[in-house]
Amino acid sequence: MIKYHLWAVGEKCLSFVPFGKNLYHFVGSIVNRRSRGTSDSFRTSFRLARKAKELIPPGGTVLEVGTGWFHHDAFLLYLLGDYKIYLFDVQDKGKIYYIHNYLRKLLSSVELLVSELNITPERIQNRLRPLLEITSREEIYEKCNFHKCITTKTDEPFLPENSVDFMISCCVLNHI
C-alpha cells in the first residue's frame, strides 16, 4: 500500500516539473513492463462477468469506465461474447506489453476461467492466443471490437443516449 501511495506522490510532484509527467510515465513503464497485468486481480470480476453475460444482448454495447493499463474486465467480456466495448478513461495508460502480460495470465488460468465463466478451453485459446501475435494495441482493439475513448471532458457525452447496454468499472471510485 505504501508503494502505491509513493507512486501517486511521485506523479503529483513531477507534474510541477517541466517534462515531469513524461518522465514519470517513462520510468513507470520501465519499472512495470514485466509485472503489470500479471496478478490474479481478474478473479474479482468473475461475478460481474457472469452477470454481464446474462444481461448483455448478443452484439450489445459495453462501456468500461476507467479502462486503465490492460483493460481488466473488457477482455473477460471479450471471452464471453461478441460485444462492442468502449474503453473509457481520462488518461491513456494502456501499453501493448501490459496487455500481452494480461493475456498470458488469462491463458495460464484456463481451468479457472472455464469453471468460473462456463466457457470451453478451446474458446479461451482461440480468442486469446492470436492476440499475443499482434504487435499493436490498435490491431488488438480492432480484433476485439474495442473502441478507445480517452478524454478529460467527462461532463460531455461521447455516446448517443440509450446506446449502452452495460457499464463496468474497476478501481475508479478511489481515483475520483
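Once a new chain begins, its residue numbering starts again from 1 and follows that chain's sequence as written. Local features in this predicted model are restricted to residues whose pLDDT is 70 or higher, and side-chain atom pairs enter the listing and the counts only when it is 80 or higher, whereas totals over whole chains, interfaces and linings include all residues. The side-chain figures draw on all heavy atoms in the structure; neither hydrogens nor water molecules are used.

Here we come to the pattern of salt bridges. What makes a salt bridge here is a side-chain nitrogen of Lys or Arg within 4 Å of a carboxyl oxygen of Asp or Glu, nothing more. For the structure on display, the rule yields five salt bridges. Here Glu116 makes a salt bridge to Arg50, at a shortest N to O gap of 2.8 Å. Of this pair, Glu116 sits in helix H6 (residues 110–117) while Arg50 sits in helix H3 (residues 46–55), placing them 66 residues apart in sequence. Here Arg50 falls in the partly exposed class, since its relative accessible area comes to 37%. Between Asp92 and Lys148 there is a salt bridge; the shortest N-O distance is 3.1 Å. Of this pair, Asp92 sits in the loop between strand E2 (84–89) and helix H5 (96–107) while Lys148 sits in strand E3 (residues 146–150), placing them 56 residues apart in sequence. Partly exposed residues are those whose accessible area sits between 20% and 50% of the maximum for their type, while under 20% is buried and over 50% is exposed, using a 1.4 Å probe and protein chains only. A relative accessible area of 33% means that Asp92 is categorised as partly exposed. Take Lys148: its relative accessible area is 36%, and that puts it in the partly exposed class. If you follow the salt bridges from partner to partner, you end up with Asp92, Arg137 and Lys148 in one network. By definition, any uninterrupted DSSP run of H or I lasting at least four residues is a helix, any uninterrupted run of E lasting at least two residues is a strand, and each is numbered from the N terminus.

It is worth spelling out the packing of aromatic side chains at this point. Here the aromatic set is Phe, Tyr and Trp, taking the six-membered ring for Trp, and pairing holds for ring centres within 6.5 Å; pairs whose planes are under 30 degrees apart are stacked, those over 60 apart are edge-to-face, and all others are tilted. If you walk through the whole model with that rule in mind, you get six aromatic pairs. Taking 5.1 Å as the distance between ring centres and 10° as the angle between the ring planes, the aromatic pair formed by Phe88 and Phe158 counts as stacked. Highlighted residues: Phe88 in strand E2 and Phe158 in the loop between E3 and strand E4 (166–169), separated in sequence by 70 residues. Arranged with centres 6.3 Å apart and planes meeting at 45°, the rings of Tyr141 and Phe146 form a pair that is tilted.

For H3, the complete set of buried residues consists of Phe46, Ala49 and Ala52. Buried residues along H3 cover an arc of 120° about the axis, so they all sit on one side. Structural note: H3 exposes Arg47 and Glu54 on the side pointing more than 90 degrees away from its buried face. Contacts: residue pairs with any heavy atoms within 4.5 Å of one another. Buried residues belonging to H3 abut helix H4 (72–80), H6 and E4. The directions considered for the arc run from the helix axis to the C-beta atoms.

Burial along E4 is one-sided: the face carrying Phe166 and Ile168 is buried and the face carrying Met167 and Ser169 is not. A pair of strands is treated as paired once DSSP finds two or more bridges between them. Here strand E1 (residues 61–65) pairs with E4 via four bridges, running parallel. Pairing of Leu63 across the sheet is with Met167, part of E4.

So far we have only geometry, and geometry alone does not tell us how the molecule works.
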